[in-house]
Amino acid sequence: QVQLVESGGGLAEPGGSLRLSCAASGTYAIGWYRQAPEKQRELVAAISTSGRTNYADSVKGRFTISRDNAKNMVYLQMNSLQPQDTAVYYCNAGYFNSGKYGGLPYWGQGTQVTVSS
């Protein structure tokens with residue numbers, strides 16, 4: 001059974017940083033999604049089991065996804081945060097196909113990230 005638990009959300013000021021963690025029940029390709037109020041859920045970053053990464057254009061150069069397979073942990077380091085990064089962030093277990101991430105119906109409960117002064 002795939003289980004995912006996010007942690008690390010909170011309040012940050014514009015320009016600040018937060019690190020999200022996703023504890024998984026095994027070694028999976030993982031995607032971080034976010035959903036802001038009245039917006040569709042969007043893929044922010046993804047990492048394969050071997051460490052290949054993909055990023056949405058809106059976060060390239062600011063967010064870094066990484067993993068520790070020994071601990072079944074995936075991290076999302078978020079720097080230079082902006083108010084438009086405010087959303088609930090979810091980790092998702094999925095797969096990579098031809099270099100693109102595909103999500104499967106396994107989700108964590110989500111963690112709120114709020115960027116505000």
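Residues numbered from 1 in each chain as written. Predicted model: local features only at pLDDT ≥ 70, side-chain atom pairs only at ≥ 80, totals over all residues. Heavy atoms only, no water.

Colleague: Hey, could you run me through the nonpolar core in this one?
Modeller: In a soluble, globular protein the nonpolar side chains are often hidden away together inside. Grouped together as the largest cluster of nonpolar side chains are 25 residues, with contacts concentrated most on Trp32, Phe63, Leu76, Met78 and Tyr89. Breaking this core down by element, the ones donating at least two residues are β3 (18-24), β4 (29-35), β5 (42-47), β7 (63-68), β8 (73-78), β9 (87-97) and β11 (111-115). (Core = buried A, V, L, I, M, F, W, Y, C linked by side-chain atoms within 4.5 Å. Buried < 20%, exposed > 50% of the residue type's maximum accessible area, 1.4 Å probe, protein only. Helix = DSSP H or I, 4+ residues; strand = E, 2+ residues; numbered from the N terminus.)

Colleague: What is the right way to look at the environment of glycine 8 in this model?
Modeller: Within the secondary structure, glycine 8 is located in the loop between β1 (4-7) and β2 (10-12). Assessed through its relative accessible area of 36%, glycine 8 is described here as partly exposed. When near neighbours in sequence (up to four residues on either side) are disregarded, glycine 8 contacts Leu18, Arg19, Leu20 and Thr111. (Contact = heavy atoms within 4.5 Å.)

Colleague: Got a minute to help me understand the state of the cysteines in this structure?
Modeller: A covalent bond bridging the sulfur atoms of two cysteines is what the word disulfide describes. A full pass over the atoms with the stated rule returns one disulfide. A sulfur-sulfur distance of 2.2 Å marks the disulfide that ties cysteine 22 to cysteine 91. Judged by the sign of its S-S torsion, about 65°, the bond between cysteine 22 and cysteine 91 is right-handed. In this pair, cysteine 22 sits in strand β3 while cysteine 91 sits in strand β9, placing the two residues 69 residues apart along the sequence. Since its relative accessible area comes to 0%, cysteine 22 is described here as buried. (Disulfide = S-S within 2.5 Å.)

Colleague: I'm lost on the sheet that holds β8 in this one. Help?
Modeller: What holds strands together in a sheet is hydrogen bonding between their backbones, with the strands either parallel or antiparallel. Taken in spatial order, the four strands make up an open sheet running β1-β3-β8-β7, and their pairing is antiparallel. Only two strands of the sheet have a single neighbouring strand rather than two, namely β1 and β7. Between one strand axis and the next, the sheet turns by 15° as a mean value, whatever way the strands run. With six bridges connecting them, β7 and β8 associate as antiparallel partners. Paired with phenylalanine 63 across the two strands is methionine 78, which belongs to β8. (Pairing = 2+ DSSP bridges. Axes fitted to C-alpha atoms, helices over the stretch in contact; angles between N-to-C directions.)

Colleague: Where do I start with the packing of aromatic side chains in this structure?
Modeller: Geometrically, a pair of aromatic rings is defined through the distance of the ring centres and the angle of the planes. Enumeration according to the criterion identifies four aromatic pairs in this entry. On the numbers, 6.2 Å between centres and 85° between planes, the contact of tyrosine 90 with tryptophan 107 is edge-to-face. Highlighted residues: tyrosine 90 in strand β9 and tryptophan 107 in strand β10 (residues 100-107), separated in sequence by 17 residues. Its relative accessible area of 15% is what places tyrosine 90 among the buried residues. Judged by its relative accessible area of 37%, tryptophan 107 is partly exposed. Three or more aromatic residues joined by ring pairs form one cluster here, namely Tyr33, Tyr90, Phe96, Tyr101 and Trp107. In this arrangement the basic side chain of arginine 19 is found over the ring face of tyrosine 75, its NZ or CZ atom lying 4.2 Å from the centre. A cation over an aromatic ring shows up here: arginine 41 above the ring of tyrosine 90, its NZ or CZ 3.8 Å from the ring centre. (Phe/Tyr/Trp six-rings, centres within 6.5 Å; stacked < 30°, edge-to-face > 60°. Lys NZ or Arg CZ within 6 Å of the ring centre and 35° of its normal.)

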